[in-house]
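Read off the chains here:
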Amino acid sequence: MKISTYTAAELQKSYGIDVTSLDTGAAARLGVAATWVSLEPGARSDAHQHDETETWVIVAGTGRLTVDAEPHPVRSGTVVQFEPFETHTVENTGDTDLLLLSLYWRDAERAGHAAADTAHRRFDTRPLFVFSSAPTPNGDLHLGHLSGPFFGADVFVRHQRMKGADAWHITGSDDYQNYVVAAARREEREPAATAAHYSAEILATLRLMDIDVHQYTATSRDAAYPEALRRFFTRLTDSGTVAPRTGTALFDTVTGEYLYESGVTGRCPTCANETGGNVCEGCLEPNVCTDLTDPRSAVSDTPPRDGTVTRYTLPLHELTKDIAAHHRLGRIPAPVRELAERLSRREQLEIPVTHPATWGVSPTGSAVEGQVIWSWLDYAFSILHGIEALGQGLGRSWTADRPEQEWKIVHFLGSDGSFFHPMFVPALYRLAHPDWTPDIDYHINEFYLLDNSKFSTSRRHVIWGKEILNPRTVDSIRFYLALTRPEGRRTNFALDAYVTYVRQTLVGTWQGWLNGLGDRLEKRYGNTVPDAGTWTPEHTAFLARLQTRLAQVTGSLGQDGFSLNQAAEALNGIVEDVTVFSRRQAPAADVESCADEARTAVALELAAACLLATCAAPVMPRFAARLAAALGGPPPTEWPSTVTLVPAGTAVDLSRQEFFADPEAEDSPLIPWLSDLVRDTLRLPADEPVRDSSLVQIGMESLQAIALQYRITEQLGADVPIEDLLGDRTVAELAALILAGAEPEAVAALPEVTS
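What counts, and where the lines are drawn
Residues numbered from 1 in each chain as written. Predicted model: local features only at pLDDT ≥ 70, side-chain atom pairs only at ≥ 80, totals over all residues. Heavy atoms only, no water. Helix = DSSP H or I, 4+ residues; strand = E, 2+ residues; numbered from the N terminus. Rg over C-alpha atoms; globule rule 2.2 N^0.38 Å. Buried < 20%, exposed > 50% of the residue type's maximum accessible area, 1.4 Å probe, protein only. Areas by Shrake-Rupley, 256 points an atom, 1.4 Å probe, with all protein chains shown as cover. Lys, Arg positive; Asp, Glu negative; His and termini not counted. Charge placed at Lys NZ, Arg CZ, Asp CG, Glu CD. Contact = heavy atoms within 4.5 Å. Pairing = 2+ DSSP bridges. Axes fitted to C-alpha atoms, helices over the stretch in contact; angles between N-to-C directions. 1 Å grid on protein atoms, 1.4 Å probe; cavity = no way out; pocket = protein on both sides within 12 Å on 5 of 7 lines; lining within 4 Å. Points joined across faces, edges and corners; volume = space filled by probe spheres on them. Nonpolar A, V, L, I, M, F, W, Y, C, P; charged D, E, K, R; others polar. Parallel < 35°, antiparallel > 145°, perpendicular 65-115°, else oblique. Left-handed = near helix turned anticlockwise from the far one by under 90°. Phe/Tyr/Trp six-rings, centres within 6.5 Å; stacked < 30°, edge-to-face > 60°. Core = buried A, V, L, I, M, F, W, Y, C linked by side-chain atoms within 4.5 Å.

Considering the overall build of the protein
- Per the secondary structure count, the protein includes 22 helices and 26 strands.
- Against the 2.2 N^0.38 benchmark of 27 Å for 755 residues, the protein shows a C-alpha radius of gyration of 30 Å, consistent with a compact globule.
- Across its three principal directions, the C-alpha atoms of the protein cover 90 × 85 × 45 Å.
- Across the 755 residues that make up the protein, the buried fraction comes to 53%.
- Accessible surface computed for the protein: about 32300 Å², of which carbon and sulfur atoms make up 50%.
- The distance from the centre of the 64 positive side-chain charges to the centre of the 100 negative ones in the protein is 3 Å.

Regarding the environment of Pro-426
- Assignment of secondary structure puts Pro-426 in helix 10 (residues 420–432).
- Along the sequence, Pro-426 and Glu-227 sit 199 residues apart, while their C-alpha atoms lie 21 Å from each other.
- Excluding anything up to four places from it in sequence, Pro-426 contacts His-326, Phe-420, His-421 and Tyr-442.

Considering the sheet that holds strand 8 (residues 88–92)
- A sheet is described by the order of its strands in space; here three strands give the open sequence 6-5-8, paired in antiparallel fashion. At either end of the open sheet lies a strand with only one pairing partner, and these are strand 6 (70–75) and strand 8. Within the sheet, the average angular offset between the axes of one strand and its neighbour, ignoring direction, is 25°.
- The sheet contact formed by strand 5 (residues 62–67) and strand 8 spans five bridges and is antiparallel. When the bridges of strand 8 are listed, Val-67 appears paired with His-88.

Here's the deal with the layout of surface pockets
- When its volume is computed, the second largest pocket comes out at roughly 840 Å³.
- Lining the second largest pocket are 34 residues; nearest its centre among them are Arg-44, Ala-325, Leu-329, Arg-430 and Thr-437.
- Tallying contributions element by element places helix 7 (residues 320–327) first for the lining of the second largest pocket, with five residues.

Regarding empty space enclosed by the protein
- The tally for this structure, following the rule as stated, stands at four cavities of 30 Å³ or more.
- Considered as a void within the structure, the largest cavity measures approximately 140 Å³ in volume.
- What lines the largest cavity is a set of 14 residues, and nearest its centre among them are Ala-134, Thr-171, Gly-172, Tyr-379 and Ser-382.
- Put simply, the parts of the chain that give the lining of the largest cavity at least two residues each are strand 10 (128–132), strand 11 (167–173) and helix 9 (375–394).
- Here the lining of the largest cavity is composed, by residue class, of five nonpolar, eight polar and one charged.
- Counted as a void, the second largest cavity has a volume near 50 Å³.
- For the second largest cavity, the full set of lining residues is Ala-249, Leu-250, Tyr-258, Leu-259, Tyr-260, Asn-278, Val-288, Cys-289, Thr-290, Arg-311, Pro-352 and His-355.
- Contributions of two or more residues to the lining of the second largest cavity are made by strand 13 (243–251) and strand 14 (258–259).

Considering the packing of helix 16 (residues 595–616) against helix 17 (residues 621–630)
- Remark: helix 16 packs on helix 17, axes separated minimally by 8 Å, with the N-to-C direction vectors making an angle of 150°. What the angle tells us is that helix 16 and helix 17 run roughly antiparallel. Read as a crossing pair, helix 16 and helix 17 show a hand that is left-handed. Residues Ala-609, Leu-612, Ala-613 and Ala-616 of helix 16 touch helix 17, and the partners they reach there are Pro-621, Phe-623, Ala-624, Leu-627 and Ala-628.

Observations regarding the environment of Pro-304
- Structurally, Pro-304 can be placed in the loop between strand 17 (293–297) and strand 18 (305–315).
- Sequence separation between Pro-304 and Leu-259 is 45 residues, and the spatial gap between their C-alpha atoms is 8.3 Å.
- When neighbours within four sequence positions are excluded, Pro-304 is seen to be in contact with Leu-250, Phe-251, Thr-253, Leu-259, Pro-295, Arg-296 and Ser-297.

Here we look at the pairing of strand 6
- Bridge count between strand 5 and strand 6: six bridges; the pairing is antiparallel. The residue of strand 6 that forms the bridge with Thr-66 is Pro-71.
- Linking strand 5 to strand 6, which pair antiparallel, is a turn of two residues; within it Asp-68 sits at a positive phi near 50°.

As for the sheet that holds strand 4 (residues 53–60)
- Strand order across the open sheet formed by six strands is 1-2-3-9-4-7, with antiparallel pairing between neighbours. Each edge of the open sheet is held by one strand with a lone partner, namely strand 1 (12–14) and strand 7 (79–82). Ignoring strand direction, the axes of neighbouring strands in this sheet form an average angle of 35°.

Considering the packing of aromatic side chains
- Taken as a whole, this structure holds 34 aromatic pairs when the rule is applied.
- Ring centres 6.5 Å apart and planes at 65° place the aromatic pair Phe-123 and Phe-156 in the edge-to-face group. Of the two residues, Phe-123 sits in the loop between helix 2 (108–116) and strand 10 while Phe-156 sits in helix 3 (residues 143–162), which places them 33 residues apart along the sequence. Both residues of the pair, Phe-123 and Phe-156, belong to the buried class.
- Judged by centre distance (5.5 Å) and plane angle (75°), the rings of Trp-376 and Tyr-379 are edge-to-face. One end of the pair is Trp-376 and the other is Tyr-379, both in helix 9 and three residues apart, which spans about a single turn. The residues Trp-376 and Tyr-379 share a single accessibility class, namely buried.

Comments concerning the nonpolar core
- Counting 91 residues, the largest nonpolar core has Phe-493, Trp-510, Leu-571, Phe-623 and Leu-654 as the members making the most contacts within it.
- Excluding its chain neighbours within four sequence positions, the residues that come into contact with Phe-623 are Asp-475, Trp-510, Leu-514, Leu-612, Ala-616, Phe-659 and Phe-660.

Focus on the side chain of Thr-205
- Structurally, the position occupied by Thr-205 is in helix 5 (residues 191–208).
- Residue classification places Thr-205 among the buried residues on the basis of a relative accessible area of 0%.
- Leaving out residues up to four positions away in the same chain, Thr-205 has contacts with Asp-140, Leu-141, Leu-146, Gly-465, Lys-466 and Leu-469.

Read these as spatial facts, not as claims about activity.
This is the structure in structure tokens:
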């Protein structure tokens, strides 16, 4: 017999609280490891996760246990068991010590199941607010922008929604950046007009990219925003930490203008790389402009002069422990943790949060005149404001002044925001809402290069979204960006490599397999799905292989291991697997004695096509909807847990479908003719754009489609089903389809058209 007795004198700090391990002999006899844990009144443990299963027995006191952001009261006599990897913390809410016994042990099988459970961390039971880093409206979006936060957030939300989560994509234009002032000066117009113009252009480009945004806030055009931001700022000053402080500043020697952010460049005081004011894209560390080496004014291209100014300032070095505690709660990439550790070694880090300027929101009752709230503090509040604005549209009682513990926030951002989003913003929340512990995940991408150098509008080294995106290219662009976007390292986009990949892989392999499968179905089964017959070991092995691919895509799109690179590789893996399987089954396909085995093989290929449509839906929604329709089903809306066969007897139409287009293919010569025909049928103006819209989108109804069908048949001899006319094909895509079935002499005899 072994006895172990709690002794306060043996307590040592661990996870931020007092802990002492039981005698190893006693623990061995219990079959588990065990510790005593003691918290004095008001004490709180660090949030943490581990692979062990753990049981707590509350021996004395009262407290609050928080597991994956869900609070639970505990008291003497409470017994709690944690599954592996649940994030948990405990706080003593009473006036006496909280004492508990912790018993924990490793169970590899249990931990493995917990790690594979994509519903853990309660993503399925609370609202998910997914933010793509708000763009600065000083220009439109190019492929470098689109490959990053916007695309990542869109795919993430689509996948979470397919899993049943209450997920929402929120973004907007960060109007009060002083980069907008620089663009306005360059373009000789007012900042408000510049912000409004580019904000609209940005939103239009996002739509071209099929990026769904559920709340888009242009801060300078939201009437309620300035006063709400002032209330947030007052919360910060009421904390006593954000206060007016006099410090050094830079001024233009020619104009006398105060310089910050885009107004000044120089060398980073940490890594000596060329950088702008406030953050370095090289080492990602912040600067305060006056610490730049060899600074130059962007206004007059001269060295600035030093001066002093009183600004509201945040002493961030006083909040390093709060930032570290925040980083224990959610998904924090390792580079952010390393950056936070670097910054925590600074003795002082005073961040000005107001600046002498005219473009922005002035604080209420400010102790310093003629200053506006800094755009990064503005952005911190815009996150909360975006949630409230979304809630108003949905009839939900979400408010920016009272953020809720139930909220789960997910940020998608570029690496140059690694200081602001995970460190500066949470520090502000700690001061403004001390009773709120925000549970935030961060997904960070690096810079996407164009032909191995940075995208640059000044050097015209850029591919704008509007230049390359249209209904025929959007799926291939989305897939190629998913495959090549910069996750954890800088990657490169080359137009010729993209064109080659689309031709060889998406058109050549993907579409080639699907069209070939359609030809075989038409020839052997009359475009009807056969029922599976006799199964061979190769068949069951292939089904298991598809199940493995499903697990790979699921994990790659999940909240913990989200990676569009890996998801794209797994989607392509489905096609690679099925083409190998099809080739190996082909020799027996027409052997009469193997007919039962052959229809099983075809049924499995169709199961692979159905799996591809469903798993591709978050990445390529148009392709997924079209493939699902060709397989006789609706657009995918639910994420599968297993691979299923397409129901026998389902009518399918795969052989003539165009799922991907050659990026450099010539447009169908019938586009102008068909566009005029559509406008005439619908009585539209002669200059009405119809090329890139479906007939349903521009208002065509069944009777009008019948009239159009008759005219197409009469003039070209092409038979186009009503289902195709009223499907999701654009007018340009219908023109290509009609051309394939038209009589060449009739096409040659068409009169010339002008548009």
